[in-house]
Amino acid sequence: VQLQASGGGLVQAGGSLGLSCEASGNIFSIHDMGWYRQAPGKQRELVALLTSGGNTDYADAVKGRFTISRDTTKNTVYLQMNRLKPVDTANYSCNAHVYRSSRWFAYWGQGTLVTVSS
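What you see is a predicted model; the values in this text were computed from it and never measured.

**Observations concerning the packing of aromatic side chains**
Across all of its chains, the model carries 2 aromatic pairs by this definition. Residues Tyr-36 and Trp-108 carry aromatic rings whose centres are separated by 5.0 Å and whose planes lie at 65 degrees to one another, so their mutual orientation is edge-to-face. Linking Tyr-36 in strand S4 (residues 30-38) with Trp-108 in strand S10 (residues 103-108), this pair joins segments that are 72 residues apart in sequence. A residue is classified by how much of its surface remains accessible, and Trp-108, at 35% relative accessible area, is partly exposed. Measuring from ring centre to ring centre gives 4.8 Å for Tyr-99 and Trp-104, while their planes differ by 50 degrees; the resulting arrangement is tilted. Residue classification places Tyr-99 among the partly exposed residues on the basis of a relative accessible area of 45%.

Written out as structure tokens, the structure reads:
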């Protein structure tokens, strides 16, 4: 599985940005896809998760502001980020979990920087 992320950039507080993550390869083995972020000096954290069954999960800090969705025809997962705050500034990475041969595998796309100015 290969993941290609795009989007991100610089936005003022209160603004919106969208991220995209296109999956290719053995996509039928994907169990879930999600977005993680890592701010400078902090550990990486889960932002939003979308399972193959359509269930979603969000970090408390982004609930009500961020929305994860997918377009199965494009093998792409999106993260719409609204009402952005300076604390949302981080490097955002997309992730896919695959269950194959009785083992779990994690795949990562390249990070994309989101900077929210105050």
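From this point, the narrative continues.
**Some words on the sheet that holds strand S8 (residues 76-81)**
With antiparallel pairing, 4 strands are arranged side by side in an open sheet as S1-S3-S8-S7. With partners counted over all chains shown, the strands left at the sheet margins are strand S1 (2-7) and strand S7 (66-71), one partner each. Across the sheet, the mean angle separating the axes of adjacent strands is 15 degrees when strand polarity is ignored.

Reading the values: the criteria
- Residues numbered from 1 in each chain as written.
- Predicted model: local features only at pLDDT ≥ 70, side-chain atom pairs only at ≥ 80, totals over all residues.
- Heavy atoms only, no water.
- Phe/Tyr/Trp six-rings, centres within 6.5 Å; stacked < 30°, edge-to-face > 60°.
- Helix = DSSP H or I, 4+ residues; strand = E, 2+ residues; numbered from the N terminus.
- Buried < 20%, exposed > 50% of the residue type's maximum accessible area, 1.4 Å probe, protein only.
- Pairing = 2+ DSSP bridges.
- Axes fitted to C-alpha atoms, helices over the stretch in contact; angles between N-to-C directions.

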